[in-house]
Amino acid sequence: MTAPTRPVHLAQLNVARLRHPLDDPRVAPFVEALDPVNAAADGAPGFVWRLVEDGGADATGLRPLGDDVIVNLSVWETQEALWDFAYRSGHLEVVRQRRDWFHRHVEAHLVLWWVPAGHVPTVAEAVERLEDLRAHGPSPRAFTFASSYTAAEAEAAEHTPDGDSAAV
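Everything in this summary refers to the structure shown in the same document. (Residues numbered from 1 in each chain as written. Predicted model: local features only at pLDDT ≥ 70, side-chain atom pairs only at ≥ 80, totals over all residues. Heavy atoms only, no water.)

### Description of the overall build of the protein
Worth spelling out the cut-off: Secondary structure is summarised from DSSP: a helix means a run of H or I of at least four residues, a strand means a run of E of at least two, and numbering begins at the N terminus for each. The size measure is the radius of gyration over C-alpha atoms, and the globule rule it meets is 2.2 Å times the number of residues to the 0.38 power. When a residue's accessible area, from a 1.4 Å probe over protein chains only, is under 20% of the maximum for its type it is buried; when over 50% it is exposed; and in between it is partly exposed. We call two residues contacting when some pair of their heavy atoms lies within 4.5 Å.
Scanning the protein from N- to C-terminus turns up six helices and four strands. Starting at the N terminus and walking to the C terminus, you meet the elements of the protein as β-α-β-β-α-α-α-β-α-α. Taken over C-alpha atoms, the radius of gyration comes to 16 Å for the protein, in line with the 15 Å a tight globule of 168 residues would show. Along the first, second and third principal axes, the C-alpha set of the protein runs to 50 × 30 × 30 Å. Among the 168 residues that make up the protein, the fraction classed as buried is 43%. Long-range pairs, those at least 24 residues apart, make up 71% of the contacts in the protein with a sequence separation of at least 6.

The following block contains the structure:
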């Protein structure tokens, strides 16, 4: 397949429903891991941007999907860069412990989509992509690692009658 006609990055949103409030001692190991994991992400090859609450070091205070749901929204140069950080770094240890702090997912909790380089996705845009994935399954505008699409496929889909102008 051909390359996209403009530079692109990969946006990702993942959400998790807390078992207990963030100030509960049972969630303390997760809270203690936030700064080191975020610092590792910030320094990871291919990292571009991550959502941070105004005046904060992370986005745990933002609750667009409910009081017990935390969000992580970031942008990466490539899908491989995000994969490497998520599954080939110290972040994986935190992922392995997730059931201590978060409820098991009953619907899609991670969504990926291509954005023009330099675009900073909004929380509303990210939530809309997650809702699209949940409602319609993977597509070039909202996909997962397991069912991914290339930037060129996303760009081609943008030019279809039901394409999304915010997509690449």
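More follows now that the structure is in view.
### Looking at the sheet that holds strand S3 (residues 69-76)
Going by this rule: Pairing between strands is defined by DSSP: at least two bridges between the two strands are required. Whenever a helix is involved, its axis is fitted only over the stretch in contact; in every case the axis is a line through C-alpha atoms, and angles between N-to-C directions fall within 0 to 180 degrees.
The strand order across the open sheet formed by four strands is S2-S3-S1-S4, and the pairing between neighbours is antiparallel. In the strand order of this sheet, the two ends are held by strand S2 (47-50) and strand S4 (110-116), each with one partner. The mean inter-strand angle of the sheet, taken between neighbouring strand axes irrespective of direction, is 25°. Bridge count for strand S1 (residues 8-17) against S4 is seven bridges, and the pairing is antiparallel. When the bridges of S4 are listed, glutamine 12 appears paired with leucine 112.

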